[in-house]
Amino acid sequence: MSNNQPDMDVLNRKILDILRMDATTTNASIAERIDLSQSAVNERIRKLKENKVIRNIAAFVDAEALNKDLCAFIYVLVDTPSNSKTFLGQAIKNQDILECHHITGEYSYLLKVRVQNTKALEGFISDFLKTQIGVQKTHTQIVLSSSKDGSTLVG
C-alpha cells in the first residue's frame, strides 16, 4: 500500500463492511455501531474516498424491475492490442455490459451482460459485439439462475 493510502485498520474495515452492506447507512449510525465519534467516522470516510478505497457509491437495482431478465457471460477474442483498446472503449460505453474482465486463456475478455430476452441477446451479439473491429470469436453462456449476485468485497 502506498504512503497516501489510509491505514486499513480494524475500524476502517468495519466502516467498509457496514457501507458495503448498506451504502445509505448514516455516519452517525456507523459511529454508534463501531463506538467512534461521528467526526472521526466522517474523516475516515473522506480519506477512504479521497484515496479511492471507496471508488463509488451505487445502488444494486433489481434487473427484472428494469426488464433485463436475461444474464449472460460472453467470452470475446480480440485479435490485437490496438483493437483491444478500441473494443474496451466501446464496451465501457455499452449499458448492457455490466462487467468487462481481461482474462487469461483462449479468449481476451469476459463480459457480464444483462438484456431483456434471447432476441435482445442475439441483437447484442450480432449488432454490437460482432461488428467491433478485431473481434474474431465469441462464446456465450446464458445464466439460468443466480444463487449469489453481487460485486462487493469482504474485508
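Fair warning: this is a prediction, and the values are worked out from it, not measured in the lab.

**A short note on unusual backbone geometry**
In this structure, aspartate 35 is a non-glycine residue whose phi angle is positive, near 55°. Of note, the phi angle at asparagine 67 is positive, near 60°, even though the residue is not glycine. By the element assignment, asparagine 67 lies in the loop between helix 3 (38–50) and strand 1 (70–78).

**Remarks on the packing of helix 1 (residues 10–21) against helix 2 (residues 27–34)**
With their axes 11 Å apart at the nearest point, helix 1 and helix 2 run at an angle of 130° to one another. In terms of their interaxial angle, helix 1 and helix 2 are classed as oblique. Note on packing geometry: the crossing formed by helix 1 with helix 2 is right-handed. Contacts from Leu11, Lys14, Ile15, Ile18 and Leu19 in helix 1 reach Ile30, Arg33 and Ile34 in helix 2.

**Let's talk about the pattern of salt bridges**
Summed over all chains, the structure comprises nine salt bridges. In this structure, glutamate 50 engages arginine 46 in a salt bridge whose closest nitrogen and oxygen atoms are separated by 2.5 Å. Of this pair, glutamate 50 and arginine 46 both sit in helix 3, four residues apart, roughly one helical turn. Between aspartate 149 and lysine 112 there is a salt bridge, with the nearest N and O atoms lying 2.6 Å from each other.

**Describing the sheet that holds strand 3 (residues 109–115)**
Taken together, four strands build an open sheet; the order of strands is 2-3-1-4 and the sheet is antiparallel. Only two strands of the sheet have a single neighbouring strand rather than two, namely strand 2 (97–102) and strand 4 (135–142). Strand-to-strand twist in this sheet, taken as the mean axis angle between neighbours without regard to direction, amounts to 20°. Examined bridge by bridge, strand 2 and strand 3 share five bridges and lie antiparallel to one another. Looking at strand 3, one finds that glutamate 99 is bridged to lysine 112. The strands that helix 5 (residues 118–128) touches are strand 1, strand 2, strand 3 and strand 4; relative to strand 1, the one it contacts most, it runs at about 15°.

**Here's the deal with the nonpolar core**
By size, the foremost hydrophobic cluster in this structure holds 18 residues, and its most contacted members are Ile74, Val76, Phe87, Leu111, Phe124 and Leu129. Within the residue set of this core, elements represented by two or more residues are strand 1, helix 4 (81–93), strand 3 and helix 5. Here this core gets five residues from one element, more than from any other, and that element is strand 1. Among the nonpolar cores identified, the runner-up in size contains 12 residues, and Met8, Val41, Leu48 and Ile54 belong to it.

Here is what the cut-offs are and how they apply
Residues numbered from 1 in each chain as written. Predicted model: local features only at pLDDT ≥ 70, side-chain atom pairs only at ≥ 80, totals over all residues. Heavy atoms only, no water. Helix = DSSP H or I, 4+ residues; strand = E, 2+ residues; numbered from the N terminus. Axes fitted to C-alpha atoms, helices over the stretch in contact; angles between N-to-C directions. Parallel < 35°, antiparallel > 145°, perpendicular 65-115°, else oblique. Left-handed = near helix turned anticlockwise from the far one by under 90°. Contact = heavy atoms within 4.5 Å. Salt bridge = Lys/Arg side-chain N within 4 Å of Asp/Glu carboxyl O. Pairing = 2+ DSSP bridges. Core = buried A, V, L, I, M, F, W, Y, C linked by side-chain atoms within 4.5 Å. Buried < 20%, exposed > 50% of the residue type's maximum accessible area, 1.4 Å probe, protein only.

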